[in-house]
Amino acid sequence: MRYVIIGAGAVGGTIGARLFESGHEVLLVARGAHLAALRAEGLSFTTPEGTRTLAVPAVDGPSGVELRPGDVLVLAVKTQDTAAALAAWAPRPVEGGGTAAERLPLVCAQNGVENERLALRLFRHVQAMCVWLPATHLEPGRVSCLGAPLSGVLRLGRYPSGADGTTRAIAADLEKSLFGAPVSTDVMRWKYAKLLGNLANALTAVAGPGSDGPRSAVLAQVVAEGRAALAAAGIGHEDPREQARANAELVRQVPVEGVRTTGGSSWQSLARGTGSIETDYLSGEIVLLARLHGIPAPANEALQRLAAEFARTGRAAGSLTDGELAELLAVATGRAPIG
């Protein structure tokens, strides 16, 4: 199988690099300065084993690819970019007849739970992936992943449920490429558990890392709202604490000299100044469920609004002031009205 990685950032770049290093055919899809750097110099890939440059082929989109029947499309863009990516790739012809949407498997290697629903509207064969991967992409042409002994845990299953030969074949390739890749017939239960964990992303993005009193209180409220919204919607999920403990046994972040340890994917979006952030599909998913089922979610609503404002105005990641954090805490705990 050839792996076409649509979105060669932190997650996509790491998955592509590890597959490439283990002998699989890989094609990276990127844009702008990142694509230019990949084409000119290759992918600079840093792990606890060191930094190396990988000559992985790179293109700017579907027009640069002749799709083949054995291809696997791995969608690794942020959710706000999913609809456009799906629309561009779905109608592309595949050698021998048919289109990508009709013939090729599409793997959603993304946070949140909306991507798979968007994909299934167009693609017949959708695989969901629950990604646990300490990867960073801040500079064009450079990706780092400091996980050890494995680079990450990539739990895989068909969407909406089940597993098939394609699921198992992809999992086997990933396991040969320094990933844990358990197959799950109900992978969305794991993705909803990951969603609860990802509710911290917006807080870290705007206020920076830390577990002091105000941050801890806001985070506790954010997660409590998330659990309540999922319960109100009747959505089952695994225990995110058990998920974290199980994954931590396989993946620990190893300090590497000269490599900056950063925040998560939302923090990285602000740090790179992309102008967008995925919070509408993390905190915003909880806000949506809460509104649909008539319950409050003030902490998630406030963080969704703040993260969008940071992205829109170009405000620096982690620059929320103590006064603003106090206001956020007041909103989260119901002592002040939202915005």
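Scroll up a little and you will see the structure.
These remarks concern the structure in this document. As the structure is a computational prediction, the values presented were derived from the model and not from experiment.

### Here we look at the nonpolar core
Part 1: If you look at the biggest cluster of nonpolar residues, it comprises 62 residues, and the most contacted ones within it are Ile-6, Leu-73, Trp-89, Phe-123 and Leu-328.
Part 2: Considering each element in turn, this core owes the most residues, seven residues, to helix 13 (residues 298-313).
Part 3: Apart from the residues lying within four places of it in its own chain, the contact partners of Ile-6 are Val-29, Leu-73, Val-74, Leu-75, Ala-76, Val-77, Ala-85 and Trp-89.
Part 4: Formed by 34 residues, the second largest nonpolar core is a distinct cluster that contains Ile-5, Ala-10, Val-56 and Leu-174.

### Notes on the pairing of strand 8 (residues 126-132)
Part 1: Counting buried positions along strand 8 gives six out of seven residues, so the element sits mostly inside the fold.
Part 2: Sheet topology note: the strand 7 (residues 106-109)/strand 8 ladder contains four bridges and is parallel. The residue bridging Ala-109 from the neighbouring strand is Met-129, located in strand 8.
Part 3: Handedness of the strand 7-helix 5 (residues 115-120)-strand 8 crossover: right-handed.

### Some points on the packing of aromatic side chains
Part 1: What the rule picks out here adds up to zero aromatic pairs.
Part 2: We note Arg-155 situated over the ring of Trp-190; from NZ or CZ to the ring centre the distance is 3.6 Å.

### Let's talk about the side chain of Lys-191
Part 1: Locating Lys-191 in the fold gives a position in helix 7 (residues 187-198).
Part 2: The class for Lys-191 is buried, based on a relative accessible area of 3%.
Part 3: From its side chain, Lys-191 meets the backbone oxygen of Gln-110 in a polar contact 2.9 Å long.
Part 4: Discounting chain neighbours no more than four positions away, the residues touching Lys-191 are Cys-108, Gln-110, Gly-112, Val-113, Glu-116, Ala-128, Met-129 and Cys-130.

Criteria and cut-off values
- All chains use their own residue numbering, which begins from 1 and follows the written sequence.
- The predicted nature of this model means local features are confined to residues of pLDDT at least 70 and side-chain atom pairs, given and counted, to a pLDDT of 80 or more, with totals for whole chains, interfaces and linings taken over all residues.
- Note that the side-chain values use all heavy atoms of the structure and ignore hydrogens as well as water.
- Take the buried Ala, Val, Leu, Ile, Met, Phe, Trp, Tyr and Cys residues and link them wherever side-chain atoms come within 4.5 Å; each set so joined is a nonpolar core.
- Relative accessibility decides the category of a residue: with a 1.4 Å probe and only protein chains considered, values under 20% of the type maximum give buried, values over 50% give exposed, and everything between is partly exposed.
- By the criteria applied, helices consist of DSSP H or I runs no shorter than four residues and strands consist of E runs no shorter than two, each listed in order from the N terminus.
- Note on contacts: a residue pair qualifies if any of its non-hydrogen atoms lie within 4.5 Å across the two residues.
- Pairing between strands requires that DSSP locate at least two bridges from one strand to the other.
- Look down the strands so they point away from you; if going from the first strand over the helix to the second traces a clockwise path, that crossover is right-handed.
- Any pair of Phe, Tyr and Trp rings, taking the six-membered ring for Trp, is counted once the centres come within 6.5 Å. Such a pair is stacked with planes under 30 degrees apart, edge-to-face with planes over 60 apart, and tilted for the rest.
- A ring is considered to have a charge above it if a Lys NZ or an Arg CZ atom is located within 6 Å of its centre and within 35 degrees of its normal.
- Distance and chemistry together define a polar contact, namely a pair of N or O atoms within 3.5 Å, with one atom able to donate a hydrogen and the other to accept it when in protein, and with adjacent residues in sequence counting only for side-chain atoms on both sides.

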